[in-house]
Amino acid sequence: MRSYQSVFKDETKLDINYVPYRLPHRETEKRLLMEFFKFILRFPDRMTQRVIVTGDVGTGKTALSQRFGAEITLKAKNAGHKLRYVHVNCREYRGRFSLIIHNVVSIFHPNFPKRGYTAEEILEALLKILEEENVYIILALDEFGSLIEQEGSEAVYKLTRIQEMRLNKPQRVSLICILRDLKPIGQLDSSSKSTLQQNIINLENYSKKQLADILSDRVNLACKPLTVSEDVVSLIAELAFSENGNARFAIELLWRAGKYADAEDRDEVTPECVRQAVSSIIPTIRKNELSSLKTHEKLFLLGVARIFKERQKAYTTLNEIEKAYAVVCEEFNEQPHSHTQLWKYLRFMSALGILKTEVSTLGKRGRSTLVYLPTVPARELEKELSEALKN
Ligand SMILES: Nc1ncnc2c1ncn2[C@@H]1O[C@H](COP(=O)(O)OP(=O)(O)O)[C@@H](O)[C@H]1O
Ligand SMILES: [Mg+2]
């Protein structure tokens, strides 16, 4: 047997902390951020900016902010300004303002004492350091909700007002506040609310097509050529789309599916690898769900399992299922049910989430319904069903 070393050429490109150079479908939002901060490139000492970025888990908030940060710092450098982008995950500091600000100070003064100062004092120290070094910062407060939860309005007040109180000195700290939704902002006092809420960028959940674009980029960066087919990308995109358009889920799934391919010494990532990967992340089919199916529903599903076990394609059609079902019926000495019945089974199974259907308009014969086995490995499903049917 040939031995394939790995489907990956560079696994680090699938790491959760890797920020790709290109962010498909976030270019508009990145340009908008640049618009909001553009004046800093010309007149850094005139004013500061505050922007809120919201969006569900995996909509690219962190990645967008970091990519923007890298780009604006470079532009500022070319314009001769000292601008730093500082990204802090508030949750890592349990939302405690003094720890968060201490972390920022220690970027400039690594030995700044951890204890003995109040939040205001550390903030004052930070402003003084920025003044001395003539530096401006864009402070991205990621998971901003946890800061509000811990400190309420106080922290926002300090961040915005303390620098305003330093009369006749340029303001040096701009903010990007990153959070899932605006609910925590609603808890702030009205003055903090109005300072923050002027510029809001909301990231919509990704569509299936958008997830597929993001995945294709990542496949090119991380995997060897011809190891991940378009069908597999489409299957992963479909699954991540049903997880609320979560790009993080999509990328993790790609990585895990690649790991299963490597473990089985395959030269490509198959749909079955993807299903194995999913079932390792989210609980999939429960046995009692299978045992509640009627005999012909089980026979139908066994037909589907056999198709996917033997083939590498990500989807099948009702026509093919009907044939496989007929073979299974013969094996178990059952009279096959009608085409109309099978349609009902298919609808029922997709309602249960065991199967997924999608109407394809691209087929040669016009519209046809494609059937996916989304989350359960075909092998596992076949085994469970064969046992259940034998009893
Ligand atoms: N538009 C995109 N293009 C490429 N990768 C993306 C895009 N959006 C998100 N990602 C990737 O998906 C994962 C989750 O994104 P992240 O920024 O952490 O989401 P959030 O902070 O909104 O939860 C990261 O690995 C990120 O690099
Ligand atoms: Mg994030």
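Cut-offs and rules
- Residues numbered from 1 in each chain as written.
- Chains lettered and ligands numbered in written order.
- Predicted model: local features only at pLDDT ≥ 70, side-chain atom pairs only at ≥ 80, totals over all residues.
- Helix = DSSP H or I, 4+ residues; strand = E, 2+ residues; numbered from the N terminus.
- Rg over C-alpha atoms; globule rule 2.2 N^0.38 Å.
- Buried ≥ 20, exposed ≤ 12 C-beta atoms within 10 Å, placed from the backbone.
- Contact = placed C-beta atoms within 7 Å.
- Pairing = 2+ DSSP bridges.
- Axes fitted to C-alpha atoms, helices over the stretch in contact; angles between N-to-C directions.
- Parallel < 35°, antiparallel > 145°, perpendicular 65-115°, else oblique.
- Left-handed = near helix turned anticlockwise from the far one by under 90°.
- Core = buried A, V, L, I, M, F, W, Y, C linked by C-beta atoms within 7 Å.
- Expected span 1.5 Å × (residues − 1).
- Domains from an automatic or database assignment.
- Nonpolar A, V, L, I, M, F, W, Y, C, P; charged D, E, K, R; others polar.
- Near = placed C-beta within 6 Å.

## Re the overall build of the protein
Within the protein, the secondary structure is distributed over 17 helices and 8 strands. Relative to the 2.2 N^0.38 estimate, which gives 21 Å for 391 residues, the radius of gyration of the protein is 27 Å and therefore markedly larger than a compact globule would have. Projecting the C-alpha coordinates of the protein onto the three principal axes gives extents of approximately 90 × 45 × 45 Å. Classification of the 391 residues of the protein by burial places 37% in the buried group. In the protein, of all internal contacts separated by at least 6 residues, the share reaching a separation of at least 24 is 73%.

## Quick look at the sheet that holds strand β2 (residues 83-89)
One open sheet holds the 5 strands; their spatial order is β2-β3-β4-β1-β5, and the pairing between them is parallel. The sheet terminates laterally at β2 and β5 (200-203), the two strands that pair on one side only. Averaged over all neighbouring strand pairs, the angle between strand axes comes to 15°, with direction disregarded. For β2 and strand β3 (residues 136-142), the ladder comprises 7 bridges, and the chain directions are parallel. Bridge pairing links Asn 89 to Asp 142 in β3. Packed on one face of the sheet, helix α5 (residues 144-151) meets β3 and β4 (173-179) and runs near 95° to β4.

## Some remarks on the packing of helix α3 (residues 97-108) against helix α4 (residues 119-133)
Between two packed helices, what matters for the description is the angle formed by their axes and the separation of those axes. In contact at an axis separation of 9 Å, α3 and α4 are set at 25° when each is read in the N-to-C sense. In this view, α3 runs roughly parallel relative to α4, as classed from their interaxial angle. The chirality of how α3 crosses α4 is left-handed. Across the interface between the two elements, Phe 97, Ser 98, Ile 101, His 102, Val 104, Val 105 and Phe 108 of α3 pack against Ala 119, Ile 122, Leu 123, Ala 125, Leu 126, Ile 129 and Glu 133 of α4.

## A closer look at the nonpolar core
Counting 59 residues, the largest nonpolar core has Leu 211, Leu 215, Ile 236, Ala 240, Ala 250, Leu 253 and Leu 301 as its most contacted members. It is helix α11 (residues 247-263) that provides the largest number of residues to this core, a total of 9 residues. Residues within four places of Leu 215 in sequence aside, it is in contact with Val 233, Ile 236, Ala 237, Ala 250 and Leu 254. Formed by 44 residues, the second largest nonpolar core is a distinct cluster that contains Ile 101, Leu 141, Leu 159 and Cys 177.

## A look at α11
Across its 17 residues, α11 extends 24 Å between first and last C-alpha, which sits within 8% of the 24 Å expected from 1.5 Å per residue. Burial in α11 covers these residues: Ala 247, Phe 249, Ala 250, Ile 251, Leu 253, Leu 254, Ala 257, Gly 258, Tyr 260 and Ala 261. Elements in contact with the buried residues of α11: α9 (208-222), α10 (230-242) and α12 (271-281). Just downstream of α11, Asp 265 is the residue with a positive phi angle, here 60°.

## Observations concerning the domain arrangement of the protein
Quite often, the size of an interface is put as the accessible area lost when its parts meet. According to the domain assignment, the protein consists of domain 1 (11-16 + 207-281), domain 2 (27-203) and domain 3 (287-390). Residue-level contacts link 5 residues of domain 1 with 4 residues of domain 2. Within the side of domain 1 that touches domain 2, the residues separate by chemical class into 2 nonpolar, 2 polar and 1 charged.

## Examining the site of ligand 1
For ligand 1, the set of nearby residues contains 19 residues, the closest of which are Gly 60, Lys 61, Thr 62, Ala 63 and Ala 247. Counting residues per element, the ones that place at least two in the shell around ligand 1 are α2 (61-78) and α11. The residue makeup of the shell around ligand 1, split by class, is 10 nonpolar, 6 polar and 3 charged. Looking at the shell around ligand 1, you find at least three residues from each of domain 1 (11-16 + 207-281) and domain 2 (27-203).

## A look at the pairing of β4
Here β4 lies mainly inside the structure; 7 of its 7 residues are buried. Burial along β4 is two-sided: Val 173, Leu 175, Cys 177 and Leu 179 facing one way and Ser 174, Ile 176 and Ile 178 facing the other are all buried. The sheet contact formed by β3 and β4 spans 5 bridges and is parallel. Following the sheet pairing, Ile 138 is matched in β4 by Ser 174.

## Overview of the sheet that holds strand β6 (residues 315-317)
Sheet architecture is open: 3 strands sit in the order β6-β8-β7, paired in antiparallel fashion. Single-partner strands in this sheet number two, and they are β6 and β7 (356-360). Ignoring which end each strand starts from, the neighbouring axes of this sheet average 40° apart. Of the strand pairs in this sheet, β7 and strand β8 (residues 368-372) are connected by 5 bridges, and their pairing is antiparallel. Paired with Glu 358 across the two strands is Leu 370, which belongs to β8.

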